[in-house]
Amino acid sequence: MACCNTRNGLIAGAVLGALLAVLGGILIPVGDSIITSTVSKEAVLENGTTAYENWISTAVPVYRQFWIFEVKNPVQVVENGSIPQVTEKGPYTYRIRYLPKENVTEHSNNTIAFLLPAGAIFEPLLSVGLEEDSVTILNLAVAGAYSMFPERLHPILNFLIKQNNASLFQTRSVKEILWGYRDPIVNQEVGLFFPYNGTYDGYYNVFTGKDDISKVALIDRWQGEQNLSFWNDSYCDMINGTDASSFPPSLDKDKSLFFFSSDICRSVSAEFTGTVNLKGIKMYHYMLPELLLAAPSVNPDNKCYCKNMDVTRNCTLGGVLDISSCRGGMPIYISLPHFFHGSEELRDLVSGLSPSEEHHSTYLDVEPITGFTMSFAKRLQINMMYGPSKTITYVEKPSVKTFYTLLPVVWLNETAILDDETADMFKAEVTSRIRMLEAVRITLMSIGSVLFVACAVAAFVVHRKQENGKVV
């Protein structure tokens, strides 16, 4: 009788162990489902969710750093056609994206519209100098007018240049170069980012994700254009309001991410390159592929950015995109800093450039469970074109230059990173709960498996002894 009770107890223990192990196994899909459901609910752009609160206005500072390329040999370039020698001066740092979105309007079709206000505040403690620092750079008005004026009007432009004692290069303050000054040649405000303060980007109309979380932040309309299939560059959740992106929960690292960049008015892909640890949180690290700015002969998607056959060497020049049509005809070309991933020819025509992946690449660090962008750096370079002219002399004798040059003017790094307070909050609200669930799951499966094996083996031994007539 005692033997039977022992064996029955062991069988019951084995069954209990099996149930615990099965329960631990069930927690895998059930737990994942609960986590996904909770995260998806909080990722919706709807008043009261975590995503909405951080989307409207960010407490995490977003900075835009500028490095201006100072030309060290302007006279030699103009008089002798020498290759420009440049050195970068910076960073000059501004806080941006600190203003909350305006005119936020929710629509019945699960979209939300808004305007993104622009503002920049100089941060002297994060800068190499003051906004009043002087830098010798390309004359924006002269270089711009060179391309915008038809060649038959170049004599008039040459007259205006001489009348104002101007040249191909000029010395201006950092503040003037970035935010604008009144130029006597064109008699209007000129600046790389003029106008900026007090302006708006949008209207944006994006999907809230309420009916389909995979569409959260996908642009429905931008400035009236409809059905734009890319991610809104304004939706940056935990570090909201930047040109990086936010993505749907539960990312697949084997797939590229797509987001919209207003700098080049197109969708941009970022490829998964590995995982990184940010303040104790696992991140998927994405970078822009080299193919993005490849020559049209390599990447046909860039064909529409090849407009000037002379400048682009019949569309074989890689690493730059002509965005003059987006900038009122100004001969502006964008690239990665120091022509990173660009054709060698670009650097052959400008001395002083040293591209590196560490300092000049663009990346996103995205938390894979929530799809929140926790860290990013968007790096771009603004270049302007100048070239030969039969009538524009710049000084008393004409330039002997016979080829077109894309001269770097400034490169910028727009960046933000998760702060310690937000990181701790995220770990407490998301990461710690996931780890607790994982611990419970492993504990149940471990105890259940051990209990099942131990009791099953013991029951088998008791059963064998009973068959052999040995009483335990």
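Residues numbered from 1 in each chain as written. Predicted model: local features only at pLDDT ≥ 70, side-chain atom pairs only at ≥ 80, totals over all residues. Heavy atoms only, no water.

**Q** Can you walk me through the nonpolar core in this structure?
**A** One broad rule of soluble globular proteins: the nonpolar side chains tend to lie buried together. Counting 75 residues, the largest nonpolar core has Tyr94, Leu192 and Leu406 as its most contacted members. Aside from chain neighbours lying at most four places away, what touches Leu406 is Val311, Leu317, Val320, Tyr333, Phe339, Leu346, Val350, Met384 and Met385. Within the second largest apolar cluster, 12 residues are counted, among which are Ala51, Phe114, Leu116 and Trp222. (Core = buried A, V, L, I, M, F, W, Y, C linked by side-chain atoms within 4.5 Å. Buried < 20%, exposed > 50% of the residue type's maximum accessible area, 1.4 Å probe, protein only. Contact = heavy atoms within 4.5 Å.)

**Q** Can you help me understand helix H5 (residues 154–163) in this one?
**A** Along an α-helix, a turn takes 3.6 residues, which lines up residues three or four apart on a common side. Within the span of H5, buried status applies to His154, Leu157, Asn158 and Ile161. Along the axis of H5, the buried positions cluster into a sector of 100 degrees, meaning they face one direction only. Of the exposed residues in H5, the ones pointing more than 90 degrees away from its buried face are Phe159 and Gln163. Check the buried side of H5 and you find it contacts helix H4 (140–148). (Helix = DSSP H or I, 4+ residues; strand = E, 2+ residues; numbered from the N terminus. Arc of directions from axis to C-beta.)

**Q** Where do I start with the environment of Thr111 in this structure?
**A** Examined against the element boundaries, Thr111 turns out to sit in strand E4 (residues 111–117). Residue Thr111 is classed as buried on the basis of its relative accessible area, which comes to 0%. Each C-alpha atom, one on Thr111 and one on Asp211, is 9.9 Å from the other, the two residues being 100 residues apart in sequence. What Thr111 contacts, discounting residues up to four positions off in sequence, is Thr105, Glu106, Asn205, Val206, Phe207, Thr208 and Asp220. A polar contact of 2.6 Å, which involves the side chain of Thr111, links it to the side chain of Asn109. (Polar contact = N/O pair within 3.5 Å; in protein donor to acceptor, adjacent residues only side chain to side chain.)

**Q** Help me out: how do you make sense of the state of the cysteines in this one?
**A** Here, the word disulfide means a covalent bond between the sulfur atoms of two cysteines. Counted according to the given criterion, the structure contains one disulfide. Disulfide pairing places Cys306 opposite Cys315 at an S-S distance of 1.8 Å. One disulfide, between Cys306 and Cys315, carries an S-S torsion of -95 degrees and so falls in the left-handed class. Of the two residues examined, Cys306 and Cys315, each falls in the buried class. (Disulfide = S-S within 2.5 Å.)

**Q** Honestly, the pattern of salt bridges in this entry has me stumped. Any pointers?
**A** Side-chain pairing between opposite charges can occur once the charged atoms of the two side chains come close. Scanning all chains against the criterion turns up eight salt bridges. Taking the shortest distance from any N to any O, the salt bridge between Lys210 and Glu46 comes out at 2.9 Å. One end of the pair, Lys210, is in the loop between strand E10 (200–207) and strand E11 (219–222); the other, Glu46, is in the loop between helix H1 (2–43) and helix H2 (50–56), with 164 residues separating them in the sequence. Classification of Lys210 by relative accessible area gives exposed; the value is 53%. In this structure, Arg313 engages Glu345 in a salt bridge whose closest nitrogen and oxygen atoms are separated by 2.7 Å. Of the two residues, Arg313 sits in the loop between strand E15 (281–287) and strand E16 (320–322) while Glu345 sits in helix H7 (residues 344–348), which places them 32 residues apart along the sequence. Owing to a relative accessible area of 33%, Glu345 belongs among the partly exposed residues under this scheme. (Salt bridge = Lys/Arg side-chain N within 4 Å of Asp/Glu carboxyl O.)

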